[in-house]
Amino acid sequence: MRTLGVFVGVDEQKDEAIQILPFAGRDATLLHAIFADANEQLRTGHESDLEDTVCLIGKTATRLSVKEALMNAAARSRAARYDLAFIQFSCHGTPEGGLLLYDALDGREPETGLAFEALLEIVNTISATQVVVALDTCFSGLAAGRPKVTPQNAEALAHTLAGKVRLLGSGNRAVLMAGQANERAWETSHIGHGLLSYGLIKGLDGTTLSSASGDVSISRWVQHAVTAVLEEARKLGVKQTPELFMGMTGDPTMPAFHVGKRRREILEALAFHQITE
């Protein structure tokens, strides 16, 4: 199995008016480690390139660098065969579906963020047997602490955003949206991740979803992530309603991933940090 991946975690912001997401970088780093390790473990008849998976966090996650990473991934997918393409974002967003990266500016989101239409255009050119896009993103527009969704426009904005994301989830793709346009997408120090990213990571721990054959159903994996968000939100006493748009048909699978060098190093560092706090 060969995976193509772009992992983005925006845990720093150039504009001090935009609130920091302290665990967004951890989301992207750990998911990247899982799939980069898997590419090495599951190499069969090809030489998996380190550039198959790219991780951009903090100051490196600018609009230009993220767009270039996505375009490079699309180009690689047309030059070689990939079983899975996985695109992941942990960042702020806007009710219109825009993604706010490191260099986004408060009050100038449309011109400094990554527009949803630009994301859709690039993802449409990615060629892989299966494509999963995970948006661990708060689309409420609360990045600077000011709500952009009101009771008067909440329903219309939520409907429009869902329609856009549904387009992304067509064909052989599955798209996960962490919450609705009128909700916050939460992260918590208790689990050290955004809720959606936590669900995705948990499903790849090698035991939670593994079948008797040792394979993991991709549809079960993404559905497990949705269930995890709802469960963790309930524990926090907050409302967060994830949504899954599933275009892929049948029941495609991927091998169960074993803990590799990158993931082990991250988990050991996190454990050490918790002990020394």
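In this report, the structure presented in the accompanying data block is examined. Sequence order sets the numbering: in each chain, residues are counted from 1 along the sequence as written. For this predicted model, a pLDDT threshold of at least 70 governs which residues receive local features, and a threshold of 80 or more governs which side-chain atom pairs are given and counted, while totals over whole chains, interfaces and linings are taken from all residues. Excluded from the side-chain calculation are hydrogens and water; included are all heavy atoms of the structure.

## Looking at the pattern of salt bridges
Okay, so step 1: By convention in these notes, a salt bridge is any Lys or Arg side-chain nitrogen within 4 Å of a carboxyl oxygen on Asp or Glu. Summed over all chains, the structure comprises eleven salt bridges.
Okay, so step 2: In this structure, D37 engages R262 in a salt bridge whose closest nitrogen and oxygen atoms are separated by 3.0 Å. Placement of the pair is D37 in helix α1 (residues 24–41) and R262 in helix α8 (residues 261–276), with a sequence separation of 225 residues.
Okay, so step 3: For K164, the salt bridge is made with E117, and the minimal N-O distance between the two is 3.2 Å. With K164 in helix α5 (residues 154–168) and E117 in helix α4 (residues 116–123), this pair connects stretches of sequence that are 47 residues apart. Here a strand is any run of E in DSSP of at least two residues, a helix any run of H or I of at least four, and the numbering for each starts at the N terminus.

## Things to note about the side chain of H193
Okay, so step 1: In this structure, H193 sits in strand β8 (residues 193–194).
Okay, so step 2: Contacts: residue pairs with any heavy atoms within 4.5 Å of one another. Excluding residues that lie within four positions of it along the chain, H193 makes contacts with F23, R26, D27, L30, E187, T188, Y198 and I201.

## Digging into the nonpolar core
Okay, so step 1: For the purposes of this section, nonpolar cores are sets of buried Ala, Val, Leu, Ile, Met, Phe, Trp, Tyr and Cys residues that join through side-chain atoms within 4.5 Å. Throughout, exposure labels follow a simple rule: accessible area from a 1.4 Å probe, protein chains only, divided by the maximum for the residue type, with under 20% read as buried, over 50% as exposed, and the rest as partly exposed. Among the nonpolar cores identified, the biggest contains 43 residues, and V66, L70 and F89 are the most heavily contacted of them.
Okay, so step 2: When contributions to this core are tallied by element, the ones reaching two or more residues are β1 (3–9), α2 (63–79), β3 (84–93), α4, β5 (130–138), α5 and β6 (173–177).
Okay, so step 3: At seven residues, α5 tops the list of elements feeding residues into this core.
Okay, so step 4: If we skip the residues at most four places from it in the chain, L70 touches V6, I87, F89, L114, L119 and I122.
Okay, so step 5: Within the second largest apolar cluster, 40 residues are counted, among which are L30, L31, A134 and F257.

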